[in-house]
Each structure stands twice: as structure tokens, then as C-alpha cells.
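The chain contents come next:
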Amino acid sequence: MELRDYLRILRMRWISVAVTTAVVILAALAYSLTTTPVYQASTRLFVSTSASADINDAYQGTLYSQERVLSYTQLLTGSSLAKRTIDRLHLDMSPDELAANVTAEAAPNTVLINVHVNDTNPARAADIANGLSDEFAAFVKELETPTSGGNPTSRVVVEQRAEAPSGPILPATTRNVALGAILGLLLGIGGALLRDRLDNTVKDRSTVEDLGETGLVGTIPFDKNRQKSAAIRFADESSPSAESFRSLRTNLQFLDVDNPPRAIVITSSMPAEGKSTTAINLALALAEGGHKVLLLEGDLRRPIATKYLNVVGTVGLSNVLAHQASLDDVIQGTSSSLQVLAAGPIPPNPSELLGSETARSTIEKLRQMFDFVIIDAPPVLPVTDAAILASAADGALVIARHGKTKRDQFERAVDNLRAVNARVLGAIITMSPSRRGDAYYGYSYAYTKAPRRAKHDK
Ligand SMILES: Nc1ncnc2c1ncn2[C@@H]1O[C@H](COP(=O)(O)OP(=O)(O)OP(=O)(O)O)[C@@H](O)[C@H]1O
Ligand SMILES: [Mg+2]
């Protein structure tokens, strides 16, 4: 993947990246707010050896003190001192508990020791730090006094006493939130890339071209108005949605210029991918372009096109195929110049009817009567009707619903059509996110890359 692909993925999925980041920041904040605050009080100890007037002795003494300091830091965090401190301050804790909250560090090349005591109560932290330091001074005095008596060889002075700290050292809210932001961002980006990797749906031109070995003839944007009323009023609409159908209409003229397809099946791999909506609007767009167009409701199982167009569907194709009516009797006009042949009564054997010689000759007759016959078909994978219709017609446009149609479903649909020698004229992506400038948007049929010519095309 190139950098551009990463940017495309992030632009596509920025909402989930932002949500993940926000969630982790909130979790870090919640963690900080629920953590019991810990206060730290500190003292500083000064270690000296018995004073000497001699400069050389004083230097030796300092070296001696520096060596002492290292052992003292260990004693400061040991349990003997902790026990003495507890006895001195009458604390209600075990020596190990206290020792765990004490840290001591020697400043390098000095005779100073910094002692820190953590506690959930600021005043008690200071009391313990001071009590522990005083007790340590006494402890050192005992340890360093020669058994033979005399002055102790080294001495500890509490040089700086502890005061109750004004603010806690934990939780480090700012740090936690900053870490949360970084972690959230990384998780969000990682998640977005992973989801893109795992995404096996059709979304772009290259997928269609590679899987279907056919060109992308149109991209229809998602348009919530289509759910209320499927048919676009082309006469007074110039929405991106209407434009995408006009563009699809134009692109049809580029398909096989020597033998332009006129009876065109609109199908897809699975139900609810926008076949009927696309068929109706392509037919309306062609009618708007001055062509004589018939919309044929080839879905004899779940006819919906007539409902979308507000025409009566009680008589139609199934009556013609059963020799109960002639074409002229059942073709209906609509509010625009488009004419419609409804499915008619739902027959028990749609595939059989559509595969009949009568069906073939009916489609041929319609082809003679009209400039374009747009056939709304059922999905390819569940039933064979669409493949049968496509082989009787001039070919099929195969729809993939953006982000919904699986790649293998699209591929199998195209293969199934070709298996019965139906021509795959091209692909249409429907319900594509309609933001302009989106990498997936752009419904023009740009010849960016010549699709591999289908081996199976007639
Ligand atoms: N471009 C679009 N923008 C928004 N919604 C759409 C678009 N095209 C179709 N839809 C909606 O998607 C749903 C399915 O559409 P449609 O009936 O056209 O699909 P279909 O493939 O013909 O379904 P079926 O397989 O059942 O025949 C409908 O609710 C429709 O309103
Ligand atoms: Mg339909």
C-alpha cells in the first residue's frame, strides 16, 4: 500500500479513529479520577563524620561519608527502621507496608540523601517523613557508636524537614490523558487499517475492474430521497444523484459502439442492492434524453418497479408470456415519456417462463419497438432469472452496493452471467458515500485504466 492509500483509509474512517481516541482519553480520565490521590513528602539528610581540623582528614571523612551514604539509603527503606518509626509515631500499619512507601536516593558525589514518603494523607506523609528521618538519625547514632564507647564515627542531620505537600503526585492526570490520546490515536489508526484489510466488500473502480474484468460505467451516490420516492424527477432535478444517472446514460453510448446494447438487464448478486431504483432512474434518464424507452419489470418474484413508479401492476409480462394478452394491451405510459411493462400476476414458475422461447421473442419484439429496453431483474445468485434474461437481452449491467456487496458475490454473479453466455456490459456501484472529493466518488467514466477485456464476452 502506498502512503496515498493510508491517507484514503484514514479519511474514510476518521470518525472511528476520532471515536476510539476519545474513548481512550475518557478511559484515562476516568482512571485518573477514580484513583485515590497519593501525596509525597520529602526530607533531606546530611551525613557527616566526626569533625576534624585537619584538611586531609576532612577530605578522608567526606569520602567515608559518601560510602556510608550508600548503605544508609538501604537502611532507610529497610523494615528495622520502619518498625522503629511505627513505634515512635504509633502508626497503624505493618513495617513492610511502611517500608514499601519509602524511597531514598543519594545525590551522586555528595553526602546528601533525599527521603520520600508516599501516603494517601498529605499531613501524615509529612509526619512519617519527619518521624522516619529523626528515627534514622538516632538509629545511625546507635549503629555508629563504637562498642568500646566514645563518640559515633558518623552522624546524620535532618537538614531539610518535610512539609505537608499541597498537591498529590498521583494520579498524574495530564500525563494519563496525554498517554491516552497517543494510545487512542494509535489504536484508532491500527483499527482502521485492520478493518480496511478485513473489508471484503466492493467499494471502488479497481475492485470492480479486477474482479469483474469489466469497466465501471457509473457510480450512483447514496441519496436518502430515493428511499421516499425511488424515481428522480429529471425534468427539474440536478442533484448529484440525477447527474450520476445522466452520466450513466452518456456512458452507455460508449459501450460497444459497433453493436450498441439496447435491451439491458439491470441485476446484482444479492437482494436490496439498488437494482430496481437504478433501473427506473436509468430508464427515466434515457427517456429525458429523448429516447423511446421501456422499463420492463423482469423481476417476476418480487415486482416493485411499478410500485416505485406509481403504475398499476396487475397485468404485464407474465400475461404476455402465458399468451393471455398482447404487448400493446399491457404496456403502460407513465407521467413522463417512459413506458412500462409491469411484471403482471406472479407466476409459480418464473424461471421457466423467462427461459421460454416466447420470452426471447417478446424481448426481441420490444427491442424493435423501443430505442432502449431497461429490464429490472432479480439478483443473480439466489435465482437464475437474471442470467436467463441477460442472455436473451443484449447484456447486463451488474450492480454492486458500495460497502455491502461482497467481492466474491460480485465475482460469482459476473461468472454466473458469463456461464450462460450473457454479456456483462459493465458494473455500477450504488449507494456510494456521496461526499464530493471522496476517493470513491466520481461518477464519470474516466478511462484511467483499460479494464482487462473479458475473455467470455461475445
Ligand atoms: N442511490 C440510493 N440511495 C439511497 N438508497 C437507495 C439507493 N438506491 C436504492 N436505495 C434503497 O435501497 C433499498 C433497495 O433498493 P431496490 O429496491 O432498488 O433494490 P433491489 O436490488 O431492486 O432489491 P431487490 O433485490 O429486492 O429487488 C430501497 O430501500 C431503496 O430505497
Ligand atoms: Mg428490485
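Residues numbered from 1 in each chain as written. Chains lettered and ligands numbered in written order. Predicted model: local features only at pLDDT ≥ 70, side-chain atom pairs only at ≥ 80, totals over all residues. Heavy atoms only, no water.

A. Representation of the site of ligand 1. The environment of ligand 1 is formed by 17 residues, the closest being D223, K275, S276, T277 and Y308. Interatomic distance of 2.7 Å between a side-chain N/O atom of K275 and an oxygen atom of ligand 1. One nitrogen or oxygen atom from the side chain of R302 is found 3.5 Å from an oxygen atom belonging to ligand 1. Alone, ligand 1 offers 630 Å² of accessible surface; in the complex the protein occludes 86% of this. At the level of elements, β5 (216–221), α9 (225–228) and α11 (275–288) are the ones that each hand at least two residues to the shell around ligand 1. Residues of the shell around ligand 1, tallied by class, amount to seven nonpolar, four polar and six charged. (Near = heavy atom within 4 Å. Polar contact = N/O pair within 3.5 Å; in protein donor to acceptor, adjacent residues only side chain to side chain. Areas by Shrake-Rupley, 256 points an atom, 1.4 Å probe, with all protein chains shown as cover. Helix = DSSP H or I, 4+ residues; strand = E, 2+ residues; numbered from the N terminus. Nonpolar A, V, L, I, M, F, W, Y, C, P; charged D, E, K, R; others polar.)

B. Local environment of the nonpolar core. If you look at the biggest cluster of nonpolar residues, it comprises 43 residues, and the most contacted ones within it are L341, L366 and L417. Here this core gets five residues from one element, more than from any other, and that element is helix α17 (residues 385–392). F234, L309, V340 and L397 belong to the second largest nonpolar core, which has 33 residues in total. (Core = buried A, V, L, I, M, F, W, Y, C linked by side-chain atoms within 4.5 Å. Buried < 20%, exposed > 50% of the residue type's maximum accessible area, 1.4 Å probe, protein only.)

C. The packing of helix α2 (residues 14–34) against helix α7 (residues 173–198), seen in detail. Interaxial distance between α2 and α7 falls to 7 Å at its minimum, and their mutual angle equals 150°. Relative to α7, α2 is oriented roughly antiparallel. The hand of the α2/α7 crossing is right-handed. Tallied by class, the residues present in the contact of α2 with α7 amount to 13 nonpolar, nine polar and one charged. (Axes fitted to C-alpha atoms, helices over the stretch in contact; angles between N-to-C directions. Parallel < 35°, antiparallel > 145°, perpendicular 65-115°, else oblique. Left-handed = near helix turned anticlockwise from the far one by under 90°.)

D. Up close: a nonpolar patch on the surface. Together, M1, L3, Y6 and L7 make up a nonpolar patch on the protein surface, roughly 420 Å² of accessible area in all. Here Y6 shows up in helix α1 (residues 3–12). On the accessibility criterion, Y6 (32% relative accessible area) is partly exposed. (Patch = residues over 30% accessible without salt bridge, like charges linked within 9 Å, V, L, I, M, F, W, Y side chains within 5 Å. Salt bridge = Lys/Arg side-chain N within 4 Å of Asp/Glu carboxyl O.)

E. Local environment of the confidence of the model for the protein chain. Confidence in the prediction of the protein chain, expressed as mean pLDDT, is 90, and 93% of residues score 70 or more. Every residue in residues 436–458 is under pLDDT 50, and counting partners more than four places away or in other chains gives 59 contacts. (pLDDT = per-residue confidence, 0-100. Contact = heavy atoms within 4.5 Å.)

F. Here's a closer look at the domain arrangement of the protein chain. Here the domain parsing of the protein chain yields domain 1 (3–35 + 172–194), domain 2 (39–160) and domain 3 (202–432). Its C-alpha centre places domain 1 at a distance of 45 Å from the equivalent point of domain 2. (Domains from an automatic or database assignment.)

G. Just the environment of V420, in detail. Along the polypeptide, V420 turns up in the loop between α18 (407–419) and β12 (424–432). Sequence spacing of V420 and G274 is 146 residues, and the spatial spacing of their C-alpha atoms is 23 Å. Here V420 is in contact with A387 and S391, once residues within four sequence places are set aside.

H. Representation of the pattern of salt bridges. A full pass over the atoms with the stated rule returns 23 salt bridges. Of the charged contacts in the structure, one is a salt bridge between R13 and D199, with a shortest N-O distance of 3.5 Å. Residue R13 is located in the loop between α1 and α2, and its partner D199 is located in the loop between α7 and α8 (205–212); the two are separated by 186 residues in the primary sequence. Taking the relative accessible area as the measure of exposure, R13 reaches 10% and is therefore buried. On the accessibility criterion, D199 (14% relative accessible area) is buried. A salt bridge links D408 to R412; the nearest nitrogen and oxygen atoms lie 3.6 Å apart. Here D408 pairs with R412, and both are found in helix α18, just four residues apart, close to one helical turn. A residue is classified by how much of its surface remains accessible, and D408, at 39% relative accessible area, is partly exposed.

I. Structural view of unusual backbone geometry. Here the residue pair L170 and P171 is connected by a cis peptide bond, since its omega of 0° sits within 30 degrees of zero. Along the chain, the position of P171 falls in the loop between β4 (154–160) and α7. A positive phi is found at N109, a non-glycine position, where the angle reads about 60°. Its place among the elements puts N109 in the loop between β2 (102–106) and β3 (112–119).

J. Seen up close, the packing of aromatic side chains. Evaluation of the coordinates by the stated rule reveals two aromatic pairs. Ring geometry for Y72 and F136: centres 5.6 Å apart, planes at 80°, overall edge-to-face. Of this pair, Y72 sits in helix α3 (residues 55–76) while F136 sits in helix α6 (residues 122–144); the two residues are 64 residues apart in sequence, bridging distant segments of the chain. Looking at Y72, the relative accessible area reads 3%, which means it is buried. Ring centres of F234 and F245 lie 6.4 Å apart, and the angle between their planes is 90°; this geometry places the pair in the edge-to-face category. Of this pair, F234 sits in the loop between α9 and α10 (240–252) while F245 sits in helix α10, placing them 11 residues apart in sequence. (Phe/Tyr/Trp six-rings, centres within 6.5 Å; stacked < 30°, edge-to-face > 60°.)

K. Representation of α2. Taking 1.5 Å per residue as the helical rise, α2 with its 21 residues ought to reach 30 Å, and the 30 Å between its terminal C-alpha atoms agrees with that figure. Listed as buried for α2 are V17, T21, V24, A28 and S32. Along the long axis of α2, the arc covered by the buried residues comes to 80°, so they all point the same way. With respect to the buried face of α2, the exposed residues turned more than 90 degrees away are I15, V23, L26, L33 and T34. (Expected span 1.5 Å × (residues − 1). Arc of directions from axis to C-beta.)

L. Local environment of the sheet that holds β2. If you walk across this open sheet you meet the four strands as β2-β3-β1-β4, and the pairing is antiparallel. Edge positions in the open sheet fall to β2 and β4, since each of these has one partner strand only. Neighbour to neighbour, the strand axes of the sheet diverge by 25° on average, direction disregarded. With six bridges joining them, strand β1 (residues 39–49) and β4 adopt antiparallel strand pairing. Bridged to F46 within β4 is V157. Packing against the sheet, α6 makes contact with β1, β2, β3 and β4, and its axis sits at approximately 20° to β1. (Pairing = 2+ DSSP bridges.)

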